[in-house]
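# Residue-level structural notes
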Amino acid sequence: MRILFFIFIIFSAQSAFALEVISYQPPFQTDKKPTKIQYTLLTSATKPWKVCAVYPHLKDSYWLSINYGMVEQAKKLGITLKVFEAGGYSNLEKQQSQLRACRRWGADAIILGTVDAHAYNGKLSALIGNIPVFLMTNDIDFTDPDIRKHIKAKVGVDWYEMGKAAGIYLAKQHPKGSGKVRIAWLPGPQLRGGTKPVTKGFKAAIANSDVEIVTTLWDDNSKELQRNLLQQLFSDYKNIDYIVGGAVAAEVAISELRTNHITNMKIVSTYLSHGVYRGLRRHKILFAPTDNMVEQARLSIDQTVRYLEKKPMELDIAPLITDLTPQHLPAAAIRNSLSPAGFRPSFYVNNHHISR
């Protein structure tokens, strides 16, 4: 009886650390199929591996939450983490210089959130030598032989599904024959990040509904630039029913609608941020999916360490997407998505501690 009791305790402890995630097979392929699996995160590393992480930017709380999850998992495992951020999706040369800096630092591995899916075609070897690369969040062109040689594993949802989730929400609200509603679509930067698959997913989801995109406005995920787009929108269009777009556009839309005394436009976001979460709580934003950014970052660190230590690993994984509305804000999803209020960007972790 005592043996059975201890087996139960051990199983319960292990289960507590298991996450339900998506594993894609075959990995890295356009026709890959998702399967739900149980994933257990490592609790320690065999040595303080030097891992370099390169982000597109830290201008919105999406990447801040990525930073938090990554830093916390690095602290837990006792590895050394060095973080760079390029300052925006247009800063390809800066990100390339940061990859070279990772190489000079002597990184054992690089976690890459690329500014452009095709920016490194034929160039990765020249930038990083033989360092293994682990893709996170943003996609890359796996058809390129040089990229394929270096990318060992990937963590990140299919952004098509994020756009699709927002589209499904609106299509359910406005099915075919219920009366046309007019959408202003503000997905973010036109040639960078995940905006292309988000747009495809959104359009596919609304195809057989009464949701109509009447204008599309592109620009980088900067509050100033998104504010300019909204002011342009208010000047050019008077009968928009919904503003739908990235988290930065959704956040700015709340204040801009208030400032301009506009009460007949509603807001939907294609991903979660701290501002979007506050908007959901205040019923200012009607819907946002989350790809659980904190969990995503923990998985990326875990995946990297597993590779370095030659432990069993899943090559192509993603957190589950969670749909959020003002009436549905599960605590676990928020905890796995957003950094705590007091967290500030952290660029170096060593010996279980953050150095600033």
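Here's a quick rundown of the structure.

Scoring rules and cut-offs
- Residues numbered from 1 in each chain as written.
- Predicted model: local features only at pLDDT ≥ 70, side-chain atom pairs only at ≥ 80, totals over all residues.
- Heavy atoms only, no water.
- Helix = DSSP H or I, 4+ residues; strand = E, 2+ residues; numbered from the N terminus.
- Pairing = 2+ DSSP bridges.
- Axes fitted to C-alpha atoms, helices over the stretch in contact; angles between N-to-C directions.
- Parallel < 35°, antiparallel > 145°, perpendicular 65-115°, else oblique.
- Left-handed = near helix turned anticlockwise from the far one by under 90°.
- Contact = heavy atoms within 4.5 Å.
- Nonpolar A, V, L, I, M, F, W, Y, C, P; charged D, E, K, R; others polar.
- Disulfide = S-S within 2.5 Å.
- Buried < 20%, exposed > 50% of the residue type's maximum accessible area, 1.4 Å probe, protein only.
- Expected span 1.5 Å × (residues − 1).
- Arc of directions from axis to C-beta.

## A few points about unusual backbone geometry
The bulk of non-glycine residues show a negative phi, and the bulk of peptide bonds are trans. Looking along the chain, the bond that leaves Gln-25 and enters Pro-26 is cis, with omega of -10°. Examined against the element boundaries, Pro-26 turns out to sit in the loop between β1 (18-25) and β2 (33-40). Positive phi, normally seen in glycine, also occurs at Thr-137, with a value near 70°. Here Thr-137 is to be found in the loop between β6 (133-136) and α5 (145-150).

## Points about the sheet that holds strand β9 (residues 211-218)
Taken in spatial order, the four strands of this open sheet run β9-β8-β10-β11, and their pairing is parallel. In this open sheet, the two strands that pair with only one neighbour each are β9 and β11 (266-269). Adjacent strand axes in the sheet meet at a mean angle of 25° when their direction is disregarded. In this structure, strand β10 (residues 242-245) lies alongside β11, joined through four bridges in parallel fashion. The partner of Val-244 across the bridge, within β11, is Val-268.

## Section: the packing of helix α2 (residues 61-77) against helix α11 (residues 293-308)
When two helices pack together, their arrangement is captured by the angle between the axes and the distance separating the axes. At a minimum axis distance of 7 Å, the contact between α2 and α11 shows a crossing angle of 45°. Classified by the angle between their axes, α2 and α11 sit oblique to one another. In terms of crossing hand, the pair formed by α2 and α11 is right-handed. Listed contacts from α11 to Tyr-62, Ser-65, Ile-66, Tyr-68, Gly-69, Met-70, Glu-72, Gln-73, Ala-74 and Leu-77 of α2 are Met-293, Val-294, Gln-296, Ala-297, Arg-298, Ile-301, Asp-302 and Val-305. Taken together, the residues of the contact of α2 with α11 sort by class into 11 nonpolar, four polar and three charged.

## Looking at the state of the cysteines
Summed over the entire model, instances satisfying the criterion amount to one disulfide. Each sulfur in the disulfide pair Cys-52 and Cys-102 lies 2.1 Å from the other. A torsion of -70° about the S-S bond marks the disulfide between Cys-52 and Cys-102 as left-handed. Linking Cys-52 in strand β3 (residues 50-55) with Cys-102 in helix α3 (residues 92-105), this pair joins segments that are 50 residues apart in sequence. The exposure classification of Cys-52 matches that of Cys-102, with both residues buried.

## Digging into helix α7 (residues 195-206)
Over its 12 residues, α7 runs 16 Å from end to end, which matches the ideal 16 Å to within 8%, given 1.5 Å per residue. What α7 keeps buried is the set Thr-195, Val-198, Thr-199, Gly-201, Phe-202, Ala-205 and Ile-206. Mapping the buried residues of α7 onto a view down its axis gives an arc of 165°, with all of them on the same face. With respect to the buried face of α7, the exposed residues turned more than 90 degrees away are Lys-196 and Lys-200. If you follow the buried residues of α7, they end up packed against α6 (159-173), β8 (181-188), β9 and β10.

## Brief notes about the sheet that holds strand β5 (residues 109-112)
The sheet built from 10 strands is open, its strands ordered β2-β1-β13-β7-β6-β5-β3-β4-β15-β16 with mixed pairing. In this open sheet, the two strands that pair with only one neighbour each are β2 and β16 (353-354). α2 contacts β3, β4 (80-85), β5, β6, β15 (348-350) and β16 of the sheet and is inclined by roughly 175° relative to β3. Taken strand by strand, α11 contacts β1, β2, β3, β4, β5, β6, β7 (151-155) and β13 (316-319), and its axis lies near 155° from that of β7.

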